[in-house]
Amino acid sequence: MNIIIPVKQVPETSNVKMDEKTGTMIRDGVESIINPLDLYAIETGIQLKEKFGGLVTVISMGPPAAERAVKEAMAMGCDGGIVLTGKEFAGSDTWATSYALSEAIRKIGTWDLILCGERATDGDTGQVGPGIASFLDISLATYVSSVEDIDNGLMVVERLVEGGYEKLQMELPALLTVVKEISYPRLPTLRGKQKARVTEVPRWSVDSAGIDKNRIGLNGSPTRVVKIETPKVARGGKIFAAKDEESLGRAVDELVDFLVMKELI
Amino acid sequence: MPHREVWTLAEAGEGKLRQVSFELLSRGRKLADKLETQLCSVLLTGSMSDEDLEQLIKRGADKVYVVESPALENFTVETHSNVLLDLIKQYKPEIFIAAATTTGRTLMPHVSIRANTGLTADCTGLEIEDGTGNLLQTRPAIGGNILATIKTPEHRPQMATVRPRSTRPAPIDENNAGRIIRVEFKNNLEDKRVRRIGFRKNEDQGIDIQSADVVVSGGKGLKKKENFALIRDLADRLEGVVGASRDAVDRGWISYPHQVGLSGKTVTPKLYFAVGISGAIQHLAGMKTADTIVAINSDPEAQIFKVADFGIVGDLFEVLPSLNEKLEEVRSR
Ligand SMILES: Cc1cc2nc3c(=O)[nH]c(=O)nc-3n(C[C@H](O)[C@H](O)[C@H](O)COP(=O)(O)OP(=O)(O)OC[C@H]3O[C@@H](n4cnc5c(N)ncnc54)[C@H](O)[C@@H]3O)c2cc1C
Ligand SMILES: Nc1ncnc2c1ncn2[C@@H]1O[C@H](COP(=O)(O)O)[C@@H](O)[C@H]1O
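Everything numeric in this text was worked out from a predicted model, so none of it was measured.

Draft legend 1. Representation of the site of ligand 2. Residue and element names in this part refer to chain A. Ligand 2 sits among 18 residues. The nearest are Pro6, Asp38, Ala120, Thr125 and Gly126. Within the side chain of threonine 125, a nitrogen or oxygen atom sits 2.8 Å from an oxygen atom of ligand 2. Between an oxygen atom of ligand 2 and a main-chain N or O atom of valine 128, the distance comes to 2.9 Å. When ligand 2 sits alone it has 480 Å² of accessible area, and the protein chains cover 97% of it. Of all the elements in the fold, those that place two or more residues in the shell around ligand 2 are β4 (56-61), α3 (94-108) and β6 (113-117). Top contributing element to the shell around ligand 2 by residue count: β4, with three residues. Class assignment of the residues belonging to the shell around ligand 2 gives a composition of eight nonpolar, seven polar and three charged.

Draft legend 2. Expanded view of the interface of chain A and chain B. Taken together, the 80 residues of chain A in the interface contact 86 residues of chain B. In total, about 7,200 Å² of surface goes out of reach between chain A and chain B, with carbon and sulfur atoms giving 59% of it. Along the contact surface separating chain A from chain B lie six salt bridges. With a shortest N-O distance of 2.8 Å, arginine 235 of chain A and aspartate 309 of chain B are connected by a salt bridge. Inspection of the chain A/chain B interface yields 40 residue pairs in polar contact (both at pLDDT 80 or more). Listed by contribution, the elements that provide at least two residues to the side of chain A that touches chain B are α3, α4 (128-136), β7 (139-151), β8 (154-161), β9 (164-171), β12 (224-229), β13 (238-241) and α7 (245-261) of chain A. Of the residues belonging to the side of chain A that touches chain B, the class tally is 38 nonpolar, 21 polar and 21 charged.

Draft legend 3. Structural detail: the packing of helix α5 (residues 228-237) of chain B against helix α9 (residues 316-332) of chain B. Residue and element names in this part refer to chain B. In contact at an axis separation of 10 Å, α5 and α9 are set at 25° when each is read in the N-to-C sense. On the basis of the axis angle, α5 is roughly parallel to α9. Relative to α9, the crossing made by α5 is left-handed. Across the interface between the two elements, Leu230, Ile231, Asp233, Leu234 and Arg237 of α5 pack against Leu316, Phe317, Leu320, Pro321, Leu323, Asn324, Leu327 and Glu328 of α9. Its residues assigned to classes, the contact of α5 with α9 shows nine nonpolar, one polar and three charged.

Draft legend 4. Structural view of α7 of chain A. End to end, α7 of chain A covers 24 Å across 17 residues, agreeing with the expected 24 Å (1.5 Å per residue, within 8%). Ser247, Leu248, Ala251, Val252, Leu255, Val256, Phe258 and Leu259 of chain A are the residues of α7 of chain A that are buried. On its buried face, α7 of chain A sits against β13 of chain A together with β16 (271-275), β17 (292-297), β18 (310-313) and α9 of chain B. Directly after α7 of chain A, the chain includes glutamate 263 of chain A, whose backbone phi takes a positive value near 60°.

Draft legend 5. Layout of a negative patch on the surface. Taken together, the side chains of Asp244 and Glu245 of chain A together with Asp315 and Glu318 of chain B make up a negatively charged region of the molecular surface. Within the secondary structure layout, aspartate 244 of chain A lies in the loop between β13 and α7.

Draft legend 6. The domain arrangement of chain A, seen in detail. Each domain of chain A was delimited in the assignment, giving domain 1 (2-215) and domain 2 (233-265). Placing a centre on the C-alpha atoms of domain 1 of chain A and another on those of domain 2 of chain A gives a separation of 46 Å.

Draft legend 7. Inspection of the site of ligand 1 at higher detail. Inspection of the region around ligand 1 gives 27 residues, with Ser245, Ser263, Ser278, Gln282 and Asn297 of chain B positioned closest. In this structure, ligand 1 is bordered by residues of chains A and B. Interatomic distance of 2.5 Å between a side-chain N/O atom of serine 245 of chain B and an oxygen atom of ligand 1. In the model, a nitrogen atom of ligand 1 is placed 3.1 Å from a nitrogen or oxygen of the serine 298 of chain B main chain.

Draft legend 8. Up close: the sheet that holds strand β7 (residues 119-123) of chain B. Residues and elements named next belong to chain B. Strand order in the open sheet formed by seven strands is β7-β11-β6-β1-β4-β5-β12, with parallel pairing between adjacent strands. Either end of the sheet is taken by a strand with one partner, and the two such strands are β7 and β12 (179-183). The mean inter-strand angle of the sheet, taken between neighbouring strand axes irrespective of direction, is 20°. Where strand β5 (residues 63-68) lies against β12, five bridges are found, and the strand directions are parallel. In the strand pairing of β12, tyrosine 65 is matched with isoleucine 181. The sheet strands contacting helix α4 (residues 104-114) are β1 (6-9), β6 (95-99), β7 and β11 (158-162), and the helix crosses β11 at an angle near 170°.

Draft legend 9. Inspection of the side chain of threonine 117 of chain B at higher detail. Checked against the element boundaries, threonine 117 of chain B lands in the loop between α4 and β7. At 2.7 Å, the side chain of threonine 117 of chain B forms a polar contact with the backbone oxygen of proline 157 of chain B. Not counting chain neighbours up to four residues away, the residues in contact with threonine 117 of chain B comprise Trp95 and Pro222 of chain A together with Ser112, Thr152, His155, Arg156, Pro157 and Met159 of chain B.

Procedures and definitions
Residues numbered from 1 in each chain as written. Chains lettered and ligands numbered in written order. Predicted model: local features only at pLDDT ≥ 70, side-chain atom pairs only at ≥ 80, totals over all residues. Heavy atoms only, no water. Near = heavy atom within 4 Å. Polar contact = N/O pair within 3.5 Å; in protein donor to acceptor, adjacent residues only side chain to side chain. Areas by Shrake-Rupley, 256 points an atom, 1.4 Å probe, with all protein chains shown as cover. Helix = DSSP H or I, 4+ residues; strand = E, 2+ residues; numbered from the N terminus. Nonpolar A, V, L, I, M, F, W, Y, C, P; charged D, E, K, R; others polar. Contact = heavy atoms within 4.5 Å. Buried area = accessible area lost by both parts, 1.4 Å probe. Salt bridge = Lys/Arg side-chain N within 4 Å of Asp/Glu carboxyl O. Axes fitted to C-alpha atoms, helices over the stretch in contact; angles between N-to-C directions. Parallel < 35°, antiparallel > 145°, perpendicular 65-115°, else oblique. Left-handed = near helix turned anticlockwise from the far one by under 90°. Expected span 1.5 Å × (residues − 1). Buried < 20%, exposed > 50% of the residue type's maximum accessible area, 1.4 Å probe, protein only. Patch = residues over 30% accessible without salt bridge, like charges linked within 9 Å, V, L, I, M, F, W, Y side chains within 5 Å. Lys, Arg positive; Asp, Glu negative; His and termini not counted. Charge placed at Lys NZ, Arg CZ, Asp CG, Glu CD. Domains from an automatic or database assignment. Pairing = 2+ DSSP bridges.

Below you can see the structure in the form of structure tokens.
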């Protein structure tokens, strides 16, 4: 059971600052982390390996520094990783990213399963997982909340959809995108960290991965970002303080009146 | 044949059209009018009568393309993708939009790869650019910190998924006329590698927080699991569902399908109540497009008050009981 996990390095957005004038993110001093939703894919991959044997390989497309994300995954227990990097990749949209990753995964050779995060917290599209499956023409299940069984080239999974859980039986090779419910990510171990430190992470370029330059980067991307703006957050609503019984009563009365006025009750 | 029509993907469940199908027609109508072209709804389904399909016409579709087959009864992306790709090749739509539901967000990327075109996820705004006629697709990104406008200048169709409940459903007009076109299902398009073998409803109450009109969410301020009863009580009174911050979910007070925010669900209800929630940027990302936001928090500096239309600075353990009492009073009037 060999498993491939594409992981993305994203800015740590919990206290992201925006440049009001340009509407872009101030990246200085912003730390990069593994896309938090990819940790669930990594944990799931490691658990499946523990159960069925095999190797877990992570792959990240991004700047050379994406090596950090790969090493972090290795510290958790993945066996190895690859960084797909080069200036040609810059500006790739989800179509081009899916293409590049699928070509690199083809090149890796033998694998049975690909696990992706539900979506990356920066781009927030969730399109790359299904995109890779589409390019590779393998079975796909998105929003997977549990892997119930793998036997004889068939796997049974549950996926979280509107109003419930759908059970699918699918042929391997397959790609799953997983939701948080599927696992609880373990912390890196000391041994894992040591191993990650001494292991060389190969860097693959456009040429070594056999990728068509015309289908990646800005030129290979069907979409274009034409404008970026910072939305106004503040609504400037009415605020009431409820300090004592009297002010509490007034605040609640005002709230109910407000809801009535808005025809919400 | 040039690319022309504007397409929307209709969704059905248990033999009935879903509300999002009508919301998309509301979006699609504006685009089609501006481009002076036809608005078409596409439905892949097990089976549906003309009478039911007429609803799409009454809500603005000039044409409805329907493909029926037992193979399309349940959603499996491979077969649905094959059929859509085939339709796209045959009829060459200019624009194709779907809802950003689990179905839309799975099917559309799968199709867009094979149709060799771009796709913009989870848009909140769609417009036609003057002059070029290109589709301008606006969506929040980086945890809702920015709004990016994206276009697909050279590839067709221009594809987008649209956030559910970000528009009202198109109104019914009994006088609208349109055509239902039944396209035969080609058996070779069935892909049997993935099969749906079961479904279980989420036993949890208030499961589908994305389609509720009212969401009442609780956060760490509730202090313990049992106190979520206060939230449920309020949600029941407002005929809404229960949501939660990530902190509340991580503590096991409530299950993950209730989580609102960047790593949970995005909701756009008419009314959102945030109780004991600080309003971290990742939480705001999931709810700040709600029509009306009410916040209850003991900290006057809490971020959540910035996005609130109505706020009460106070102890939720005093405010909620008092509010529930008052609502009871109003109701019995
Ligand atoms: C990558 C990433 C993704 C994330 N995704 C999400 C997400 O999807 N959804 C999400 O919600 N968070 C998400 N978070 C977490 C987010 O940053 C916050 O930690 C979280 O939203 C805080 O939850 P909270 O508001 O319940 O808790 P807190 O921030 O601890 O706030 C509790 C609030 O309760 C108030 N309070 C306490 N006692 C009372 C009382 N008696 N009466 C009234 N008010 C009271 C306090 O004043 C405080 O403001 C994410 C974080 C990261 C890094
Ligand atoms: N540059 C990348 N390198 C590796 N994996 C990626 C990359 N971008 C996206 N992914 C994978 O695709 C998933 C969805 O990302 P996205 O479509 O960008 O929201 C992520 O959780 C990753 O598993």
